[in-house]
Amino acid sequence: MKLQLRTWTWMSSILIGLGMTTLAEESKDAKPAGPRLRVRFVETRQHGDKTISSRPCVLTLHADEKPTKVFAGRQVSLTTSDKVAPTVLFKNAGVEARVSAQSLGDGRYRLDARFEDASVLPPSASATSTNHENPILQTLKGESKVTLREGETVPFASAVDPISGDLVRVDVALAAAPAPKAVAPSPSKDARLRAQFVLTRRQGERKTASRPYSVVLQAGEETTATVFSGSQLPLQVSNQGQGELPRPTIALKDVGAGAHFNAQLGGDGRYRVDLWFSDGSLASQGASPTLLAFESEARLFMQLGETVTVGSVVDPQTGDVVEVDLTIEAVK
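A. Layout of the packing of aromatic side chains. Enumeration over the complete set of coordinates arrives at five aromatic pairs. With a centroid separation of 5.8 Å and 75° between ring planes, the pair formed by Phe41 and Phe156 is classed as edge-to-face. Of this pair, Phe41 sits in strand 2 (residues 36-47) while Phe156 sits in strand 8 (residues 153-160), and the two are 115 residues apart along the sequence. For Phe156, a relative accessible area of 11% puts it in the buried group. Aromatic pair Phe197 and Phe261: ring centres 6.0 Å apart, planes at 75°, arrangement edge-to-face. Placement of the pair is Phe197 in strand 10 (residues 192-203) and Phe261 in strand 13 (residues 247-265), with a sequence separation of 64 residues. Of the residues examined, Phe197 reaches a relative accessible area of 0% and is grouped as buried. Judged by its relative accessible area of 0%, Phe261 is buried.

B. A look at the environment of Leu282. Looking at the secondary structure, you find Leu282 in strand 14 (residues 271-284). For the pair formed by Leu282 and Leu292, sequence separation is 10 residues and the distance between their alpha carbons is 6.3 Å. Apart from residues lying up to four places away in sequence, Leu282 is in contact with Leu233, Val255, Pro289, Thr290 and Leu291.

C. Quick peek at the sheet that holds strand 2. Spatially, eight strands are ordered 8-9-2-3-16-17-10-11 in an open sheet, and the strand pairing comes out antiparallel. The outermost strands of the open sheet, each flanked by one partner alone, are strand 8 and strand 11 (206-218). Here the strands of the sheet are splayed against their neighbours by 20° on average, with no regard to which way each runs. By the bridge criterion, three bridges tie strand 3 (residues 50-62) to strand 16 (residues 307-314) in an arrangement that is antiparallel. Pairing of Leu59 across the sheet is with Gly311, part of strand 16.

D. The arrangement of the nonpolar core in detail. One finds Phe41, Leu111, Phe197, Phe261, Phe277, Phe294 and Leu326 to be the most contacted residues of the largest nonpolar core, which totals 55 residues. In terms of residue count, the dominant contributor to this core is strand 13 (five residues). Those residues in contact with Phe261 that sit more than four places away from it in its chain are Leu193, Ala195, Phe197, Leu217, Thr223, Thr224, Ala225, Val273, Asp274, Leu326 and Ile328. Core analysis: the second largest hydrophobic core is formed by five residues, Leu233, Leu235, Val255 and Leu291 among them.

E. The arrangement of the pattern of salt bridges in detail. Counting across every chain of the model gives 19 salt bridges. The salt bridge partner of Asp279 is Arg211, with a shortest N-O separation of 2.7 Å. Placement of Asp279 in strand 14 and of Arg211 in strand 11 is noted, with a sequence separation of 68 residues between them. The buried category is assigned to Asp279, whose relative accessible area is 6%. Between Asp268 and Arg270 there is a salt bridge, and its shortest N-O distance comes to 3.0 Å. Its relative accessible area of 28% is what places Asp268 among the partly exposed residues. Given a relative accessible area of 12%, Arg270 falls into the buried group. Each of Glu65, Lys66, Arg272, Asp274 and Arg299 takes part in a single network of salt bridges with overlapping partners.

F. Representation of empty space enclosed by the protein. On inspection of all chains with the given rule, the structure shows one cavity of 30 Å³ or more. Lining the largest cavity, in full, are Glu43, Arg55, Pro56, Cys57, Val95, Phe115, Val313 and Val314. Going through the elements one at a time, strand 3 and strand 16 are the ones with two or more residues in the lining of the largest cavity. Looking at the lining of the largest cavity element by element, the count peaks at three residues for strand 3. Its residues placed into classes, the lining of the largest cavity shows six nonpolar, no polar and two charged.

Definitions and cut-offs
Residues numbered from 1 in each chain as written. Predicted model: local features only at pLDDT ≥ 70, side-chain atom pairs only at ≥ 80, totals over all residues. Heavy atoms only, no water. Phe/Tyr/Trp six-rings, centres within 6.5 Å; stacked < 30°, edge-to-face > 60°. Helix = DSSP H or I, 4+ residues; strand = E, 2+ residues; numbered from the N terminus. Buried < 20%, exposed > 50% of the residue type's maximum accessible area, 1.4 Å probe, protein only. Contact = heavy atoms within 4.5 Å. Pairing = 2+ DSSP bridges. Axes fitted to C-alpha atoms, helices over the stretch in contact; angles between N-to-C directions. Core = buried A, V, L, I, M, F, W, Y, C linked by side-chain atoms within 4.5 Å. Salt bridge = Lys/Arg side-chain N within 4 Å of Asp/Glu carboxyl O. 1 Å grid on protein atoms, 1.4 Å probe; cavity = no way out; pocket = protein on both sides within 12 Å on 5 of 7 lines; lining within 4 Å. Points joined across faces, edges and corners; volume = space filled by probe spheres on them. Nonpolar A, V, L, I, M, F, W, Y, C, P; charged D, E, K, R; others polar.

Below, the structure is given as structure tokens:
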């Protein structure tokens, strides 16, 4: 028996929780979109008086809407064993940020924010561990609710790395993001809409990769579309049906680029866009496979012809600046 897993498994759980019924109910009770904002995290490492690194992570979101998320780094395999067979799971190890904003008036917003930076300890650092199979992760994470004004930057979290002795500090900044003015909606219900995603990687000023993906859907109705391109990684897992004993089987994990896109035309002429995007590649094979991964999730309100940078983050594994731009346009 073969099971199917997705590289964007975080996306699947959200879709199951929401369901199409929930999306339909939301469209009936549509409310005006909150202001478009940009939240910027900056993680700085210092050793004494010397700054070792400073890495930004930027997310675009609307106030009073769902959280926006972004991740860049590796997905490392973890193996668990039972009486039947080992099961392989994957854990994010990299930079991950999640934030939502509540409008308070007078240019103030209450941010519900979470930031995490995890990395795999080298073998020398974990040589004394009794865990011979699974990697050991070193993690810095912070979660809090803070109130900021547009243009304000505040300290978010700080800690001392117990291995290197580095002081790690995370600051968070809030800014208004430019957005086009609302226009009257198109009268055509038969128009087609193209959503195009472009993932770009940069090293300094040099562009190292630019990969476009697109999907077409109907513009005048609430529609969901998906696109995926990549390979499938076979993994051994245990499967247990109702009233059955666990038995070993093979699961196929998608490794590549995939997107799930839901669009609903609003009364102000903008589209409410729910987006889940993932891009991954196989970094190592064997008993403990590792993936290079980028993931993004957002809800945006956009005009036809508009391009929005959904998220931008520094990949801690490669040093690349990774960002995803979304454009929606009419298809003739």
